[in-house]
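So the chains spell out like this:
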Amino acid sequence: MAAAGAEAAAVAAEEEKRLPEGDPESGGDSEDEGDSDSSGDGEDEEKENEAEIQRLEEQLSINAFDYNCHLDLIKLLRQEGELVKLRRARQKMSELFPLTEEIWLDWLKDEIKMASESSEREKVYELFERAVKDYICPEIWLEYAQYSIGGIGQEGGIEKVRSIFERALTAVGLHVTKGTALWEAYREFENAILETAQPAPGSVPSPEQQQMLCSQLEKIHTLFRRQLGIPLLDMEASYAEYEEWSEDPIPEPIIKNYKKALQQLEKCKPYEEALLGAETPKLAEYQAYIDFEMKAGDPARIQLIYERALAENCLVPDLWARYNQYLDRQLKVKELVLSAHDRAVRNCPWTVGLWIRYLLAMERHRVDHGIISEMFEKALNAGFIQATDYVEIWQAYLDYLRRRVDFTQDSSKELEELRSAFARAVEYLKQEVEERFSESGDPSCTIMQNWARVEARLCNNMQKARELWDNIMTKGNAKYANMWLEYYNLERAHGDTQHCRKALHRAVQCTSDYPEHVCEVLLTLERIEGTLEDWDAAVQKTENRLARVNEQRAKAAEKEAALAKQEEEKAEQRKQARAEKKASKKAKKARIGDKRKADDDDEGEWGQEEEAEQPSKRHKGDGDGVLLEEDMEVETGLFGRSGPEKPDRPANQKEKASTSRKDIPKVLHDSSKDNVTVFVSNLSYNMADPEVKLKELFESCGEVVQIRPVFSNKGTFRGYCYVEFKEEKSALQALGLDRKVVEGRPMFVSPCVDKNKNPDFKVFRYSTTLEKHKLFISGLPFSCTKEELEDVCKAHGNVKDIRLVTNRAGKPKGLAYVEYENEAQASQAVLKMDGLTVKEHVIKVAISNPPLRKLPDKPEAGRASQFAVPRQVYGARGKGRTQLSMMPRALQRQSNPVAKAENGMVQNSPATSSEPPEEPKKMSNADFAKMLLKK
């Protein structure tokens, strides 16, 4: 029977381990009472969970750095009660990432429920020790201390509990808002011990008991006094509690410290309130708090506020860098410094600066060489996002290896390790880095230069240094004077004159950026150390080289002068063209006035309608370059064809057009309402009833006062309009509809700004700077949808947003921007997705860093010279549909002859280059008619 009871207890214990959180309905009777339908649903759900667990495990085998995948797997395993797999999953995640407070507390609570024997309790203690090292969390320390009280019956249990409480107070006892809970828990524990030490009622305590009571009372007094000297919330309540508990009056020094702490608390309260009211990430508020504590100069408080900031901003590399710098320069405690550096690189492994600081800290605190080398290998596998990052980490490691070498010995193990590391670094940059980034990240070969310096200066091996420099020059550096002079200085210091002369002769021949400087150095060398023959050879070589250089520069200067002259001629031509155009417009206006006087009343009304519409066109920058249709009719009349005699323009059609134009609403914009108005563009010209369509769309943002679509003279919608709201906040909310697809085209919504008053105003809603949490993907198939791309990207992290780049017509361009939750996920996605095949298209993936846009203010001389005719000046929206040239092509060829291009450059004829262009002869309407009749 005893054996059967033991077996039943073992089964029950195993069942408890299977269900860490407990199951209130785990009894056998309740299971039998469940109906078959619910049982079937439970089995289906269990199968789905098992399939999902298998999928997540396979995903992690492909990409172990998928943070969200780890979280999902742990959640499912905890739900299913898979203890062994759950422990393994948590263990793997903790090895890769520091775990958050919530994850640690869930893990610890599950293990506490299953820890019944002393050996299992020791494992929980080890788990607590790991948890408190990741982040400084008051809740975890409090849980640790309370759990340790459960082992008070073991040998040394009380002292162990006190030790944990003291460590907790050291770590988070200064926490202004959460430190009080730890102090109170510690006092409650000591009060409980005091109660157990009290003698039985009516008995006389022995001297030992009396001494124990006094000692315990002193411990509680000490805890109160220590707490009252620290600025914590609810200090007044703690002080009142001490007054009530203590039989003796509170000493004056304690009151003095208490008041001082209260003053300090008042200084801290604004910063605590700012943190309480701020939204994440609260970086500015934490930085202000850190600056405040830095001025006070208390290292413990400075460390604590840094740790609080990092607990909420663990993925901010700059914050880790500032914290580690403070620890390196001020505290200099080995365990504390190395722990902080280790947590920094685990949180932000893509930041090379954190790895370099970690290696330096390990060397500074004399960590074993094997551990430092192992850490360097981890850094190489961290997935940096720039090629130059690998150069920096290699250089830091090589510097460390160089400092280990004793160069007084001809040969040593450390020296051979340094040389092999230099060779490996060069090969690594050439193979691994260049294959991934299409560049080595070290175009100037700085690593090889340092290797050559080590060989020449420290190892006296000038032959090896020359071989390295010869390799450097073959990598495209021979044209730079500074590279040759660097080699010359090394040769000058550690080589001989013959090799110096040889290097300078090659430099004179190859240098293209600063040849004069190299020639001067060669002549200086020969002036000091050379023979007459050497001097003559140097002078002849430098003179020949400089003559060739001066000849090339003279040709370049002539070319630039010719281009400048062409630009001046073009500017003059444009100036004349503008003057002629202005004069012709004045003449046209005069002719239009004469025609209106002779025309009937209908045509007069038409002209008035046109004049009413004209200001609205100019408001958005169409300018004088847009010709109205009435002007077009006058120009066609110059060729002997008046408007009414056109075969395709009968009288009734003209009357219909006139009537339709009268029905078009006038677009009169009030610039004083720009703050409540948005400008909507890139709409479809074929949109029916744009007012109705757009009102339905924008009413979701607020009350719409008016929608003013802009129509052409023919009555067709021009694709843009003004939307006026009742309130300004509605207009600001409407900007969120920018790029919304309307009838197959992305609709542009921008603030209403008069570009005549603000010509430099630009609206672009996306960042044009480096964004390390966002990816730029190119080479996508045009048929790829946002959902399909999200399925590909979400396997590597939490995707916050995806934007497919389209043209103005809404057609895809094969480009996309993918925003991840943090930089770590983005860097891992680059590693896994770059070169991936999507629908038979190989995509390219990189961190989003758009190139700077070239300003169009100064056109390139080479391109500008290709145009011999003056460019037409258009309005802010480009060339209008009615802005057509009425000049016959024959006349254009005669007045603006274009020279033939040769080798990509336009060669001007001697006449045009030496003589100013003749002013074109002004022709009347009759002259134009005669000329055309002759043809």
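Criteria and thresholds
- Residues numbered from 1 in each chain as written.
- Predicted model: local features only at pLDDT ≥ 70, side-chain atom pairs only at ≥ 80, totals over all residues.
- Heavy atoms only, no water.
- Helix = DSSP H or I, 4+ residues; strand = E, 2+ residues; numbered from the N terminus.
- Buried < 20%, exposed > 50% of the residue type's maximum accessible area, 1.4 Å probe, protein only.
- Areas by Shrake-Rupley, 256 points an atom, 1.4 Å probe, with all protein chains shown as cover.
- Salt bridge = Lys/Arg side-chain N within 4 Å of Asp/Glu carboxyl O.
- Contact = heavy atoms within 4.5 Å.
- Pairing = 2+ DSSP bridges.
- Axes fitted to C-alpha atoms, helices over the stretch in contact; angles between N-to-C directions.
- pLDDT = per-residue confidence, 0-100.
- Patch = residues over 30% accessible without salt bridge, like charges linked within 9 Å, V, L, I, M, F, W, Y side chains within 5 Å.
- Lys, Arg positive; Asp, Glu negative; His and termini not counted.
- Charge placed at Lys NZ, Arg CZ, Asp CG, Glu CD.
- Expected span 1.5 Å × (residues − 1).
- Arc of directions from axis to C-beta.
- Parallel < 35°, antiparallel > 145°, perpendicular 65-115°, else oblique.
- Left-handed = near helix turned anticlockwise from the far one by under 90°.
- Phe/Tyr/Trp six-rings, centres within 6.5 Å; stacked < 30°, edge-to-face > 60°.
- Lys NZ or Arg CZ within 6 Å of the ring centre and 35° of its normal.
- Core = buried A, V, L, I, M, F, W, Y, C linked by side-chain atoms within 4.5 Å.
- Nonpolar A, V, L, I, M, F, W, Y, C, P; charged D, E, K, R; others polar.

Remarks on the overall build of the protein
Inference 1: Regarding its fold elements, the protein presents 38 helices and 13 strands.
Inference 2: Residues counted as buried form 39% of the 935 residues belonging to the protein.
Inference 3: As presented, the protein carries roughly 54300 Å² of accessible surface, and 50% of it is formed by carbon and sulfur atoms.

Some remarks on the pattern of salt bridges
Inference 1: Summed over all chains, the structure comprises 40 salt bridges.
Inference 2: E377 is paired through a salt bridge with R424; the nearest N and O atoms lie 2.8 Å apart. You can see E377 sitting in helix α19 (residues 369-380) and its partner R424 sitting in helix α21 (residues 413-437), a full 47 residues away along the chain.
Inference 3: A relative accessible area of 36% places R424 in the partly exposed class.
Inference 4: The closest approach of N and O atoms between K726 and E703, which form a salt bridge, is 3.8 Å.

Describing the environment of E241
Inference 1: Along the polypeptide, E241 turns up in helix α12 (residues 235-245).
Inference 2: Separated by 17 residues in sequence, E241 and F224 have C-alpha atoms that sit 9.2 Å apart.
Inference 3: In contact with E241, other than residues within four places in its own chain, are R187 and F224.

Structural notes on the sheet that holds strand β3 (residues 717-725)
Adjacent strands of a sheet pair through backbone hydrogen bonds, lying either parallel or antiparallel.
Inference 1: On the basis of which strands lie adjacent, the open sheet formed by five strands has the order β2-β3-β1-β5-β4 and antiparallel pairing. Each of the sheet's edge strands pairs with one partner strand only, and the pair in question is β2 (704-711) and β4 (740-742). Neighbouring strand axes in the sheet, compared pairwise and without regard to direction, differ in orientation by 30 degrees on average.
Inference 2: Of the strand pairs in this sheet, strand β1 (residues 677-681) and strand β5 (residues 745-751) are connected by four bridges, and their pairing is antiparallel. Bridge assignment links F679 to a residue of β5, and that residue is S750.

Let's talk about the sheet that holds strand β8 (residues 812-820)
Inference 1: Pairing within the open sheet is antiparallel, and its four strands lie in the order β7-β8-β6-β11. Each of the sheet's edge strands pairs with one partner strand only, and the pair in question is β7 (799-806) and β11 (844-848). Strand-to-strand twist across the sheet, computed as the mean angle between neighbouring axes with direction ignored, equals 25 degrees.
Inference 2: On top of the sheet, helix α33 (residues 786-793) reaches β6 (771-778), β7 and β8; it is set at about 135 degrees to β7, its chief contact.
Inference 3: Contacts from helix α34 (residues 823-833) reach β6, β8 and β11, with the element oriented near 25 degrees to β6.

Re the confidence of the model for the protein
Inference 1: On average, residues of the protein carry a pLDDT of 80, and 76% of them reach 70 or more.
Inference 2: Throughout residues 855-887 the model reports pLDDT below 50, and contacts reaching past four residues in sequence, or to other chains, amount to 48 contacts.

Considerations on a negative patch on the surface
Inference 1: A contiguous patch of negative charge, built from E43, D44, E45, E46, E48 and E50, is present on the exposed surface.
Inference 2: In this structure E48 comes out as exposed when scored by relative accessible area, which is 56%.

Overview of helix α14 (residues 283-296)
Inference 1: With 14 residues, α14 should reach 20 Å at 1.5 Å per residue; the first-to-last C-alpha distance of 20 Å fits that figure.
Inference 2: Listing the buried residues of α14 in full gives Y286, Y289, I290, F292 and E293. Projection of α14 onto a plane perpendicular to its axis shows the buried side chains occupying an angular sector of 160 degrees, all on one side. Turned more than 90 degrees off the buried face of α14, the exposed positions are A284 and K295.

Things to note about the pairing of β8
Inference 1: By the bridge criterion, five bridges tie β6 to β8 in an arrangement that is antiparallel. Bridge pairing in β8 links I777 to A816.
Inference 2: Summarising the sheet, β7 and β8 pair through seven bridges and their orientation is antiparallel. Across the sheet, the residue bridging to T806 is P812, located in β8.

Notes on the packing of α21 against helix α22 (residues 446-458)
Inference 1: It is the contact of α21 with α22, at a shortest axis distance of 10 Å, that shows an interaxial angle of 160 degrees. As far as their axial angle goes, α22 and α21 are roughly antiparallel. Pair α21 / α22 crosses with left-handed handedness. Here L418, R419, F422, A423, A425, V426 and L429 of α21 come into contact with α22, specifically with I447, M448, N450, W451, V454 and E455.

Some thoughts on the pairing of β6
Inference 1: With five bridges connecting them, β6 and β11 associate as antiparallel partners. Bridge pairing in β11 links S778 to K844.

Quick word on the packing of aromatic side chains
Inference 1: Taken as a whole and judged by the stated rule, the model has 32 aromatic pairs.
Inference 2: For the ring pair F679 and Y720, a centre distance of 5.6 Å and an interplane angle of 50 degrees mean the geometry is tilted. You can see F679 sitting in strand β1 and its partner Y720 sitting in strand β3, a full 41 residues away along the chain.
Inference 3: What links up through ring pairs into an aromatic cluster is the set F376, F384, Y390, W394, Y397, Y400, Y428 and F437.
Inference 4: Between the NZ or CZ atom of K160 and the centre of the ring of Y125, over which it lies, the distance is 3.5 Å.
Inference 5: Of note, R739 hangs over the ring of F748, and the distance from its end group to the ring centre comes to 4.6 Å.

Quick look at the environment of L283
Inference 1: Inspection of the secondary structure puts L283 in helix α14.
Inference 2: Ignoring any residue separated from it by four or fewer positions in sequence, one finds L283 in contact with N313, V316 and L319.

Re helix α10 (residues 179-197)
Inference 1: Counted at 1.5 Å a residue, the expected span for α10 with its 19 residues is 27 Å, and the 28 Å between its end C-alpha atoms agrees.
Inference 2: Within α10 the residues assigned to the buried category are G179, T180, L182, W183, A185, Y186, R187, F189, E190, I193, L194 and A197.
Inference 3: The inward-facing, buried residues of α10 contact α8 (138-149), α9 (157-172), α11 (207-228) and α12.

Quick word on the side chain of N324
Inference 1: Relative to the elements of secondary structure, N324 occurs in helix α16 (residues 317-331).
Inference 2: Dropping the residues within four chain positions of it, N324 is found in contact with A340, H341, A344 and L354.

Quick notes on unusual backbone geometry
Inference 1: Put simply, T280 and P281 share a cis peptide bond, and its omega is 10 degrees.
Inference 2: We note that R366 has phi near 55 degrees; this positive angle belongs to a residue other than glycine.
Inference 3: Classification of R366 by relative accessible area gives exposed; the value is 77%.

Let's talk about the nonpolar core
Inference 1: Of all hydrophobic cores here, the largest spans 161 residues; its most connected members are I140, I393 and W394.
Inference 2: By residue number, the principal contributor to this core is helix α20 (residues 387-404), which donates ten residues.
Inference 3: Residues within four places of I140 in sequence aside, it is in contact with E101, W104, L105, L108, F128, A131 and V132.
Inference 4: If you look at the next biggest cluster of nonpolar residues, it comprises 21 residues, including F698, C701, A734 and V742.

Some remarks on the packing of α9 against α10
In a pair of packed helices, the angle between the axes and the distance between the axes together describe the arrangement.
Inference 1: Relative to each other, α9 and α10 sit at 160 degrees, their axes nearing to 10 Å. When the interaxial angle is binned, α9 and α10 end up roughly antiparallel. Remark: the crossing between α9 and α10 carries left-handed chirality. Where α9 abuts α10, its residues I158, V161, R162, F165, E166, A168, L169 and V172 lie against G179, L182, W183, A185, Y186, F189, E190 and I193.
Inference 2: Split into classes, the residues belonging to the contact of α9 with α10 amount to twelve nonpolar, one polar and three charged.

Concerning the environment of R55
Inference 1: When you line up the elements, R55 lands in helix α3 (residues 36-62).
Inference 2: Taking the relative accessible area as the measure of exposure, R55 reaches 43% and is therefore partly exposed.
Inference 3: Residues R55 and C69 lie 14 residues apart in sequence; the distance between their C-alpha atoms is 9.9 Å.

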